[in-house]
Amino acid sequence: KLHHASKLGMNAFTIAAYLGKVELLEALIDAAPDLVNLENEQGLTPLMFACMHEDQETALEMANLLIENGADVNLSTTGHYGRPVTIGKGRIPER
């Protein structure tokens, strides 16, 4: 099941975004588009992981893919440690 977390609290969507696996992320979105905003146990979403990816080109590609498929850019969550986690409109790298 795609929404289940690993021992590290990650799910398939957040793992794909964390690793920068664009094709895997596309396949996951095709298989379960309703999980595009699925948080991991720390309250981070695939979009948040995409925006944090070290390669800006990959980050932008994943962020655009997620947003085009319903990722909420205004989502604010409270993570596992009670700290607010947000992603703002200006956080996605521009080309």
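What you see is a predicted model; the values in this text were computed from it and never measured. (Residues numbered from 1 in each chain as written. Predicted model: local features only at pLDDT ≥ 70, side-chain atom pairs only at ≥ 80, totals over all residues. Heavy atoms only, no water.)

## Points about the nonpolar core
Phe13, Leu25, Ile29, Leu47, Met62 and Leu66 are the most contacted members of the largest nonpolar core, which has 23 residues in total. Taken together, the elements giving at least two residues each to this core come down to helix 1 (12–19), helix 2 (22–31), helix 3 (46–52) and helix 4 (56–68). If you tally residues by element for this core, the top one is helix 3, at 5 residues. (Core = buried A, V, L, I, M, F, W, Y, C linked by side-chain atoms within 4.5 Å. Buried < 20%, exposed > 50% of the residue type's maximum accessible area, 1.4 Å probe, protein only. Helix = DSSP H or I, 4+ residues; strand = E, 2+ residues; numbered from the N terminus.)

## What to know about the packing of helix 2 against helix 4
Contact geometry for helix 2 and helix 4: axes closest at 10 Å, N-to-C directions at 5°. One way to sum up the angle between helix 2 and helix 4 is to call them roughly parallel. When helix 2 is examined against helix 4, the residues Val22, Leu25, Glu26 and Ile29 are found in contact with a partner set consisting of Thr58, Glu61, Met62, Leu65 and Leu66. Across the contact of helix 2 with helix 4, the residue classes break down as 6 nonpolar, 1 polar and 2 charged. (Axes fitted to C-alpha atoms, helices over the stretch in contact; angles between N-to-C directions. Parallel < 35°, antiparallel > 145°, perpendicular 65-115°, else oblique. Contact = heavy atoms within 4.5 Å. Nonpolar A, V, L, I, M, F, W, Y, C, P; charged D, E, K, R; others polar.)

## What to know about a nonpolar patch on the surface
Together, Ile15, Tyr18 and Leu19 make up a nonpolar patch on the protein surface, roughly 290 Å² of accessible area in all. Position of Tyr18 relative to the elements: it lies in helix 1. Here Tyr18 falls in the exposed class, since its relative accessible area comes to 52%. (Patch = residues over 30% accessible without salt bridge, like charges linked within 9 Å, V, L, I, M, F, W, Y side chains within 5 Å. Areas by Shrake-Rupley, 256 points an atom, 1.4 Å probe, with all protein chains shown as cover. Salt bridge = Lys/Arg side-chain N within 4 Å of Asp/Glu carboxyl O.)

## Overview of the side chain of Asn11
Looking at the element boundaries, Asn11 is found in the segment before helix 1. Assessed through its relative accessible area of 2%, Asn11 is described here as buried. Within the structure, the side chain of Asn11 is placed 3.0 Å from the backbone nitrogen of Phe13, a separation counted as a polar contact. There is a polar contact of 2.9 Å between the side chain of Asn11 and the backbone nitrogen of Thr14. (Polar contact = N/O pair within 3.5 Å; in protein donor to acceptor, adjacent residues only side chain to side chain.)

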